[in-house]
Amino acid sequence: MSFATLDTADSPSPESRETLQIALVGNPNSGKTTLFNALTGLRQKVGNYPGVTVEKKEGRATLPNGQPANLIDLPGLYSLVPHSPDEQIAREVLLGLRDDTPVPNLIINTVDASNLERNLYLTSQLMDIGLPMVIALTMSDDAESAGITIPAKELAEKIGVPVIAITATKRIGLIDLMKAVQNYHTNPPINPVWEPPTKANAVIATLQSTLQEGFHLQPKVAQIEAVTLLMQEETNRLHERLTPEQQRLILSTREDLARAEIDFPTVVINARYEWIAKVVEVVQYKDSTTERQKHSHNERLDRILMHPFWGYVLFFALMVLMFQSIFTWAQVPMDAIKSGIEHIGQIVTTKMPEGELRELLVGGVLGGVGNTIVFLPQILLLFFFVSLLEDTGYMARAAFLMDKLMSRVGLHGKSFVPLLSSFACAIPAIMATRTIGDRKARLITILVAPLMSCSARLPVYALMIGAFIPNRPVVHIGNWTLLTLPGVTLICLYFLGMITAFTVSGIFHKTLLKGVSPTFLLELPPYRFPSLKTAAFQMIERAMLFLKRAGTVILAISILLWFLTSYPRHPELTEPNQRIAASYAGRAGHLIEPLIRPLGFDWKMGVGIVASFAAREVFVSAMGTVYNVEDAKEGAGKIDLQKRIQEDVDPRTGQKVFSPLVAVSLMVYYVLAMQCISTIAVVRRETNGWKWPLFQIAYMTGLAWVGSFLVFQVGKWLGWG
């Protein structure tokens, strides 16, 4: 949203026209991302910090006086003492230690009103930095329903920082927040909330001076780094660059403080909590009756959702509902997209003169990219459901529920969130493992995360299920169909991935990565009504990313495959299958066919499997290109891939190339195989080498081959072929 239309009374000065750099900082689950989405709308860009696989989200907004602002949504963190790469990145941005990110002019600190004490610890550290700051007091409605009242004006007076109460989902308080941001230069300087002991002043000053000279740091930044090092915490970026003399200085300084009977870390932490206690005592009012009712409400829900038996039943039911809905609800928009692409193909075929350009557009672009875009509605529904689970607070409870099961196979309870988010994409899921403190548990999670069926596999599943699994009701009450055979098939595929991931984790835990199952501690957020607007934003963002990939990677591969399946030309061959078999792609496919024939796959599927190493959904575009090349040559303009694979006959045997058994074998292959070069690159970066990515490729490819082999051969033996 642009705030230029909200208040134009003040004409901006020339200086105010410079883009304001704003860092958005807060605890996890404090409403930070919801506020970021509300302020920036769709004017966002998502990438990674250079050299680090930490997501970097930036967005543009306009202040009421017309001044442009660039918002940086930093990773959620509880403290500026880093324990993970994403916390380290956030700290470096705030301290101005990254060359690739401008130093913020201002901090917007989201503070959860329902958890004021916990949130103010980070606030106290941000105040040490000395940058101008505005506090966005979020979750006020949650606090009020729990009997907690925090007057924003009183809180601002107590801590000396502007405080604006907001409800981002309803856009309440956003204009006041941006006005406070606009007037940041008029705010008084921020004072630190604590003073070091007198005996520690001299040693802090000495260490601060050494860091200033050795690393060319600003005085305030050098002081913060000095305090952090004296707390015996390693700041990854700085500690690794210390000289032996500087390390000896830190050690001797710690010894001097110990001789003076100063427990420096305890002094710092206690000082912060003493300040927090004084603030909370003055500004927080509690209605004990309402608070007890709120806790009672949460406890009643938890007794059901986290029950040792019914909790698992409800979790399973939710997963079934989600996957059945993905297949059922998406059918109408998928049919509409399919009809639209088919119509475009017919227009191109009838309006354009015959030639290679028409063949490329119909067989390569529409046949490849078009058949992939058809499955966009299913992908969006998946992200929609995941967003709702996160917003309601259920995701954290599911993680707690699954911890007992996961700890038996060497996984951490925190592994559940990355594994569940792998249903969307394995790349951010692997990046999310940074929150797992135990190194072995984190590595096991990284190795098995790609076994969870991501959204890129969904087009492959949907293509095979739609073509070969009959739409028969499985569970119905009267005229209401609750579960269909395609839905059951999709559910089985997802649960196959989950069961395999847990099994492989157990094997790794007892062999390659032996260790004690780590303890799991988790703060459970309160139950909340989900924000449909936030879910819609996430769906739109993912749709843009999917379409961007379709317009770049998939388009490029589709064009390349069109060329490989069209050349060299053989006009003397009259049969379409013969001409494709004689092409470059046909020759390559026949070369690898002996390796995949025991799985029920022919050379065309082999071409798709090889192409889909770029991205799993490329299999669909590859098949679309292969099967539509001849149609484009003959002027048919048909794009429907499902019909083409249903009708395809092997000229050597006279039998159908695809069958329900082959389709199941192929889907099992894609459940288990590592078919994503981007995931491999992220694993290499996260594990700092090629050892584990190569191992991951080897074990998953072998697992996929064996799984498909057993499915196809046992199926044939049982007479299902």
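Quantities reported herein were computed from a predicted structural model and do not represent experimental measurements. (Residues numbered from 1 in each chain as written. Predicted model: local features only at pLDDT ≥ 70, side-chain atom pairs only at ≥ 80, totals over all residues. Heavy atoms only, no water.)

Considering the packing of helix H13 (residues 310–329) against helix H22 (residues 485–510)
Part 1: Relative to each other, H13 and H22 sit at 125 degrees, their axes nearing to 9 Å. Comparing the axis directions of H13 and H22 gives the class oblique. You can see that H13 and H22 cross each other, and the crossing is right-handed. Between H13 and H22, the residues in contact are Phe315, Phe316, Met319, Val320, Phe323, Gln324, Ile326 and Phe327 and Pro486, Gly487, Val488, Leu490, Ile491, Tyr494, Phe495 and Met498, respectively.
Part 2: For the contact of H13 with H22, the residue count by class is 14 nonpolar, two polar and no charged. (Axes fitted to C-alpha atoms, helices over the stretch in contact; angles between N-to-C directions. Helix = DSSP H or I, 4+ residues; strand = E, 2+ residues; numbered from the N terminus. Parallel < 35°, antiparallel > 145°, perpendicular 65-115°, else oblique. Left-handed = near helix turned anticlockwise from the far one by under 90°. Contact = heavy atoms within 4.5 Å. Nonpolar A, V, L, I, M, F, W, Y, C, P; charged D, E, K, R; others polar.)

Section: unusual backbone geometry
Part 1: Here Arg171, not a glycine, exhibits a phi torsion of approximately 65 degrees, which is positive.
Part 2: Following the sequence through the fold, Arg171 ends up in the loop between strand E8 (163–165) and helix H6 (174–182).

Overview of the packing of H13 against helix H14 (residues 331–351)
Part 1: Across the interface, H13 lies against H14 with an axial gap of 5 Å and an inter-helix angle of 35 degrees. Residues Phe327, Thr328 and Trp329 of H13 form the contact with H14, whose participating residues are Gln331, Val332 and Pro333.
Part 2: For the contact of H13 with H14, the residue count by class is four nonpolar, two polar and no charged.

Overview of the side chain of Thr500
Part 1: Residue position: Thr500 is located in helix H22.
Part 2: With a relative accessible area of 14%, Thr500 lands in the buried category.
Part 3: Ignoring sequence-local partners within four residues, the contact set of Thr500 consists of Leu451, Leu672 and Leu703. (Buried < 20%, exposed > 50% of the residue type's maximum accessible area, 1.4 Å probe, protein only.)

Let's talk about the confidence of the model for the protein
Part 1: Of the residues in the protein, 85% have a pLDDT of 70 or more, and the chain-wide mean is 79.
Part 2: This model gives residues 1–16 a pLDDT under 50, and the stretch forms 33 contacts once residues within four places in sequence are excluded.
Part 3: Of the regions scoring below 50 in pLDDT, residues 46–53 engages in 32 contacts with residues more than four places distant in sequence or in other chains. (pLDDT = per-residue confidence, 0-100.)

Description of the pattern of salt bridges
Part 1: One pass over the structure, following the stated rule, counts seven salt bridges.
Part 2: Close ionic contact of Arg98 with Asp100 constitutes a salt bridge, the shortest N to O distance being 2.8 Å.
Part 3: Its salt-bridge partner being Arg597, residue Glu593 comes within 2.5 Å of it at the nearest N-O pair.
Part 4: Residue classification places Glu593 among the buried positions, given a relative accessible area of 6%. (Salt bridge = Lys/Arg side-chain N within 4 Å of Asp/Glu carboxyl O.)

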